[in-house]
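Chains, contacts and geometry: an overview
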Amino acid sequence: MQELVRHVDWVGHVDWNIRDFHSYDTHRGATYNAYLVRDTETALVDTVKAPFADTLLRNVAEKIELSKVDYVVCNHAELDHAGSLPAVMQALPNATLLCNAKCRETLSAYFDISGWSVKVVSPDESISLGNRTLSFLNTPMVHWPESMFTYIPEEKLLFSMDAFGQHLATSVRFDDQWALPHLLQEAKTYYANIVTPYGKQVQKTLEAAAGLPISIIAPSHGLIWRKHLPEILAAYQAWSSGKYARKALILYDTMWESTGQMAEAILRGAVEENNGVDVQLLHVRKTTLTRVATEMLDAAAVALGSPTLNMMMMPQMAAVLNYIRGLKFSSKSAFAFGSCGWAHAGVEHLAHSIEELQWTRIHEPIKVKYRPSEAVRETCHSAGRLLAQTAAKPVAG
Ligand code: FEO
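Note that the structure is a prediction, hence the values are computed from the model and not measured.

1. Some details on the environment of N193
- Summarising the element assignment, N193 is placed in helix α5 (residues 180–195).
- The class for N193 is buried, based on a relative accessible area of 7%.
- N193 sits 181 residues away from G12 along the chain, and the two C-alpha atoms are 23 Å apart.
- Dropping the residues within four chain positions of it, N193 is found in contact with Y24, L289, T290, A293, T294, Y323 and L327.
- Among the polar contacts made by the side chain of N193, one reaches the main-chain carbonyl oxygen of T189 at a distance of 2.9 Å.

2. So, the sheet that holds strand β12 (residues 126–128)
- Overall, mixed pairing links the five strands, which are arranged β12-β13-β14-β15-β16 in an open sheet. Bordering the open sheet on either side are β12 and β16 (216–219), each of which pairs with just one other strand. Strand-to-strand, the axes of this sheet are offset by a mean angle of 20 degrees, without reference to chain direction.

3. Points about the domain arrangement of the protein chain
- Its domain assignment divides the protein chain into domain 1 (2–240) and domain 2 (249–391).
- Once you take the C-alpha centre of each, domain 1 and domain 2 turn out to be 39 Å apart.
- Contacts between the two partners involve twelve residues from domain 1 and, on the opposite side, twelve residues from domain 2.
- Between domain 1 and domain 2 the total buried area reaches about 1000 Å² when both faces are included, carbon and sulfur atoms providing 60% of it.
- The largest contributions to the domain 1 side of the interface with domain 2 come from K188, N193 and P197, which together make up 45% of the buried area.
- Taken together, the connections running from domain 1 to domain 2 amount to one salt bridge.

4. Concerning the state of the cysteines
- Following the criterion strictly, the structure yields zero disulfides and no others.
- Among the cysteines around C74, which has no disulfide bond, C103 carries the closest sulfur, lying 3.6 Å off.
- When its relative accessible area of 4% is taken as the criterion, C74 is described as buried.
- No disulfide involves C99; its nearest neighbouring cysteine sulfur is the one of C103, lying 4.4 Å away.
- Given the relative accessible area of 0%, C99 is considered buried.

5. Here we look at the sheet that holds strand β10 (residues 96–99)
- On the basis of which strands lie adjacent, the open sheet formed by seven strands has the order β1-β2-β7-β8-β9-β10-β11 and mixed pairing. Sheet topology places β1 (3–5) and β11 (117–120) at the edges, where each strand pairs with a single neighbour. Strand-to-strand, the axes of this sheet are offset by a mean angle of 25 degrees, without reference to chain direction.
- Here β10 runs beside β11; their pairing, made up of four bridges, is parallel. Residue pairing in the sheet places L98 in a bridge with K119 of β11.
- Packed onto the sheet, helix α4 (residues 101–110) meets β10 and β11 and runs at close to 120 degrees relative to β10.

6. Things to note about the packing of aromatic side chains
- One pass over the full model with this rule turns up ten aromatic pairs.
- Measuring from centroid to centroid gives 6.3 Å for Y24 and Y190, while their planes differ by 50 degrees, and the two rings are tilted. Placement of Y24 in strand β5 (residues 24–25) and of Y190 in helix α5 is noted, with a sequence separation of 166 residues between them.
- Residue class for Y24 comes out buried when judged on its relative accessible area of 2%.
- When the centroid spacing of 5.1 Å and the interplanar angle of 45 degrees are considered together, the rings of Y35 and F159 count as tilted. You can see Y35 sitting in strand β7 (residues 35–38) and its partner F159 sitting in strand β15 (residues 157–161), a full 124 residues away along the chain.

7. Remarks on the packing of α5 against helix α7 (residues 229–240)
- Between α5 and α7, the least distance of the axes is 11 Å, while the angle of their chain directions is 35 degrees. Crossing of α5 against α7: the hand is right-handed. In contact with L180, L184, A187, K188, Y191 and V195 of α5, α7 contributes E231, I232, Y236, W239 and S240.
- Split into classes, the residues belonging to the contact of α5 with α7 amount to eight nonpolar, one polar and two charged.

Scoring rules and cut-offs
- Residues numbered from 1 in each chain as written.
- Predicted model: local features only at pLDDT ≥ 70, side-chain atom pairs only at ≥ 80, totals over all residues.
- Heavy atoms only, no water.
- Helix = DSSP H or I, 4+ residues; strand = E, 2+ residues; numbered from the N terminus.
- Buried < 20%, exposed > 50% of the residue type's maximum accessible area, 1.4 Å probe, protein only.
- Contact = heavy atoms within 4.5 Å.
- Polar contact = N/O pair within 3.5 Å; in protein donor to acceptor, adjacent residues only side chain to side chain.
- Pairing = 2+ DSSP bridges.
- Axes fitted to C-alpha atoms, helices over the stretch in contact; angles between N-to-C directions.
- Domains from an automatic or database assignment.
- Buried area = accessible area lost by both parts, 1.4 Å probe.
- Salt bridge = Lys/Arg side-chain N within 4 Å of Asp/Glu carboxyl O.
- Disulfide = S-S within 2.5 Å.
- Phe/Tyr/Trp six-rings, centres within 6.5 Å; stacked < 30°, edge-to-face > 60°.
- Left-handed = near helix turned anticlockwise from the far one by under 90°.
- Nonpolar A, V, L, I, M, F, W, Y, C, P; charged D, E, K, R; others polar.

Below is the structure:
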């Protein structure tokens, strides 16, 4: 356990072995952060996933008798945080659950809360613990409708729930104890895969939080920000406002390497443009949806390639499109390419998907039967140059 400030301790669980968090590839594990604030009265802020209730309660019991916990704050009803609430409320006989009205409604859909002491809190009230105060900020859709932040003004300490989190299992708890570039990359992966659809709400939340003096941001996943607050706040500002890097992404699947050869020709053209654009090539069956979304977050221009399989695009490319459609990546520039034996269905479905996403088409779909000829490879090469030229222009979503 680690102390954030005097008598505010991390009491959560480190999940070293989780590798799949509802399809998010958690290759570095995860944590479910919970915090114990001890004052004249004691509050447990957030809980953990159901299987780890015992760890949480053991951590709390090392600091205070369980019967002396007065409040449990539920900032977010998703079950990675609220799943252990039935066990926690049973083990803390004198605790009142603090949550907003929407959260109470959600929790009552998951659990029988009739035996719990529940106090609904709103942003215009606060709970005094003695020398310190809990205040609340509703942050709807960051990440669920009931989400809220809890803030302790006396410590300038913000419990930010999922926001600013990372899926990362570590033996340390603070941002200055880990390499910042890697930490920001994990925060970006988290943002891309969890938060992207809610950019507008993130902007509103950042505006509201800007009025608060903050020294520590304690999210419910990953490391706690106490040193690099400017960096993570600037990153959230950029990600949520749809700012792009000078970056082009080529995503493809291939059956007998024809679409693969087209992807390579596009790559060569984009790299030869040599204009400082970061060009990434991803075979969608040799990477993860999580990586695709992370690279997509700040890519300005995208090429999508697939052959035809059973009059459809390849299944993993369909999964990619399904995923990025849900994540609502907006305002990309794109084109489609692909090979087939006798029907151009795969590439046509891709072209249609680009229209559905309301991305800007920068090139006609590039289609070929069986193997790309030299002329087709040249077309792909030129399209690659165009991709890099497009990505070099500063564009905002
Ligand atoms: Fe970590 Fe939206 O739950």
